[in-house]
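Chains, contacts and geometry: an overview
These are the residues of each chain, in order.
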Amino acid sequence: GSSVSLFRPRSRPHRHRKPKMPTLRIEITCCNIKKLDTKFYNLEKPRCWVTVKLGEQTYTTQVGIGLDPTWEEEVQFEVTNPEEQKVEGTFYIKCEKNGNEQQLGDMQTFALNKLLLKKQTFKGLVVPGGKADMMFTALDFGDEQAEEEDDAFMDFL
């Protein structure tokens, strides 16, 4: 009956201040594309980097040396609409010798609507030869993990 609606209140307290935008933290940790056919891509002394984009906000890592650089870089983006917005991730590679620069693989999108509050979530940017590793954390949006436990508990009854 009607008591169900009281079980999990969704209302949030009214704020009088202008609300701060929800924030997404992205950590771009490393990549490994050692299976890449460097001859096909005409790469000697490869250099690679990753660009992530959310709306008008863009962040590009340092240029990593070789096929498995470690970046350990992080950026925080403001999120206007976690339900709809997606982060775009693009992997670039260039040949140090001839300066030839190219996008590797396709630009990929990562939805934010499944992220849990303050829980690091692994995201892989998959490209020919391997992938780049990223961690997404919704700093102040998303569902809290406890809900899953509630649901599991309910199923149990």
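Everything numeric in this text was worked out from a predicted model, so none of it was measured.

Attention now moves to the environment of K97. Mapped onto the fold, K97 is located in the loop between β6 (86-95) and β7 (101-111). The class of K97 is exposed, set by a relative accessible area of 59%. On a C-alpha basis, the gap between K97 and N42 in space is 9.9 Å, while along the polypeptide they are 55 residues apart. Within the structure, K97 has its side chain in polar contact with the side chain of E44 (distance 3.4 Å).

Moving on, we get to the pairing of β7. Pairing between β6 and β7: 8 bridges, direction antiparallel. Bridged to I93 within β7 is Q102. Counted between consecutive antiparallel strands, the loop separating β6 from β7 contains 5 residues, among which G99 sits at a positive phi close to 75°.

Quick notes on the rules
Residues numbered from 1 in each chain as written. Predicted model: local features only at pLDDT ≥ 70, side-chain atom pairs only at ≥ 80, totals over all residues. Heavy atoms only, no water. Helix = DSSP H or I, 4+ residues; strand = E, 2+ residues; numbered from the N terminus. Buried < 20%, exposed > 50% of the residue type's maximum accessible area, 1.4 Å probe, protein only. Polar contact = N/O pair within 3.5 Å; in protein donor to acceptor, adjacent residues only side chain to side chain. Pairing = 2+ DSSP bridges.

Everything listed here is a matter of coordinates, which is why it stays silent on function.
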